[in-house]
Amino acid sequence: YQVYLEHIRGITPEPTPEMEEGKAVHASLEEAYKASAKLELSVDDALDKAGKEGIVLSAREVSVEGSDPIGCIDEIVFMPDRILIIDDKPGDMAWPGGKMQAWGYSLAFEEQYDPGLPIIAGIRNRDTGYEVWAQHFATEHREEVLRAVSRIRQLLDGEAIPVGTRNPRKCRTCRFCDSCD
């Protein structure tokens, strides 16, 4: 419904304090990463180096673009035998939307780089650094992301009717709460 409000109705809400805090924390994490980074490699070079040398490498704030999903991955961990796609979130809950975002990043990464390795999608508490959730990216996740992308496209094209939440608790924390019908 937020997609409808923002892209069809043209509502641009003010950033919430939580959004501003999230931006600041992400910027801080990125600065700490840059300060400790020993190598600067492309994604393809990191994939190759991790596989050939049997080492673990990581990268932060990696832009990815698949056939539909696009985004900026908070962190990718390149291992010799798998790839870990991490999305940093506040708190210790892996909400369905957060999982969908991590799967969307996994799909975009897989389509763009075709790593030939298993991909693990994960959510990490951005404040503690602890893993909240991780799961092998599988065919059913790919299909779920593609269904969600299709639904968003239908909303944007006027081919589907947007449906808001029936859960008033979601409304209280939504950045569109003052503009929603």
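In case you missed it, the structure is sitting above this.
Now for a quick tour of the structure.

1. Examining the overall build of the chain
- Looking only at helices and strands, the chain has six helices and five strands in total.
- If you list the helices and strands of the chain from N to C, you get α-α-α-β-β-β-α-β-β-α-α.
- Relative to its length of 181 residues, the chain is compact, with a C-alpha radius of gyration of 18 Å against a globular reference of 16 Å.
- C-alpha extents for the chain along the principal axes are approximately 55 × 35 × 25 Å.
- Contacts spanning at least 24 positions in sequence make up 61% of the contacts within the chain whose residues lie at least 6 apart.
- Side chains of the chain carry 21 positive and 33 negative charges; the gap between the two charge centres is 5 Å.

2. Considering the packing of aromatic side chains
- Counted according to the given criterion, the structure contains three aromatic pairs.
- For the ring pair Trp103 and Trp133, a centre distance of 5.8 Å and an interplane angle of 70° mean the geometry is edge-to-face. Placement of the pair is Trp103 in helix H4 (residues 96-113) and Trp133 in strand E5 (residues 131-136), with a sequence separation of 30 residues.
- Residue class for Trp103 comes out buried when judged on its relative accessible area of 7%.

3. Points about a nonpolar patch on the surface
- Taken together, the side chains of Ile8, Ile152 and Leu156 define a hydrophobic patch exposed on the protein surface, amounting to about 220 Å² of accessible area.
- With respect to the secondary-structure elements, Leu156 resides in helix H5 (residues 139-156).

4. What about the sheet that holds strand E3 (residues 83-89)?
- A sheet is described by the order of its strands in space; here five strands give the open sequence E1-E2-E3-E4-E5, paired in mixed fashion. What marks the edges here is a single partner per strand, and that holds for strand E1 (57-65) and E5. Sheet twist, expressed as the average angle between the axes of neighbouring strands with direction ignored, equals 30°.
- Examined bridge by bridge, E3 and strand E4 (residues 119-125) share seven bridges and lie parallel to one another. Among the inter-strand pairings, Ile83 is bridged to a residue of E4, identified as Ile119.

Cut-offs applied
- Residues numbered from 1 in each chain as written.
- Predicted model: local features only at pLDDT ≥ 70, side-chain atom pairs only at ≥ 80, totals over all residues.
- Heavy atoms only, no water.
- Helix = DSSP H or I, 4+ residues; strand = E, 2+ residues; numbered from the N terminus.
- Rg over C-alpha atoms; globule rule 2.2 N^0.38 Å.
- Contact = heavy atoms within 4.5 Å.
- Lys, Arg positive; Asp, Glu negative; His and termini not counted.
- Charge placed at Lys NZ, Arg CZ, Asp CG, Glu CD.
- Phe/Tyr/Trp six-rings, centres within 6.5 Å; stacked < 30°, edge-to-face > 60°.
- Buried < 20%, exposed > 50% of the residue type's maximum accessible area, 1.4 Å probe, protein only.
- Patch = residues over 30% accessible without salt bridge, like charges linked within 9 Å, V, L, I, M, F, W, Y side chains within 5 Å.
- Areas by Shrake-Rupley, 256 points an atom, 1.4 Å probe, with all protein chains shown as cover.
- Salt bridge = Lys/Arg side-chain N within 4 Å of Asp/Glu carboxyl O.
- Pairing = 2+ DSSP bridges.
- Axes fitted to C-alpha atoms, helices over the stretch in contact; angles between N-to-C directions.

Keep in mind these values describe shape, not function.
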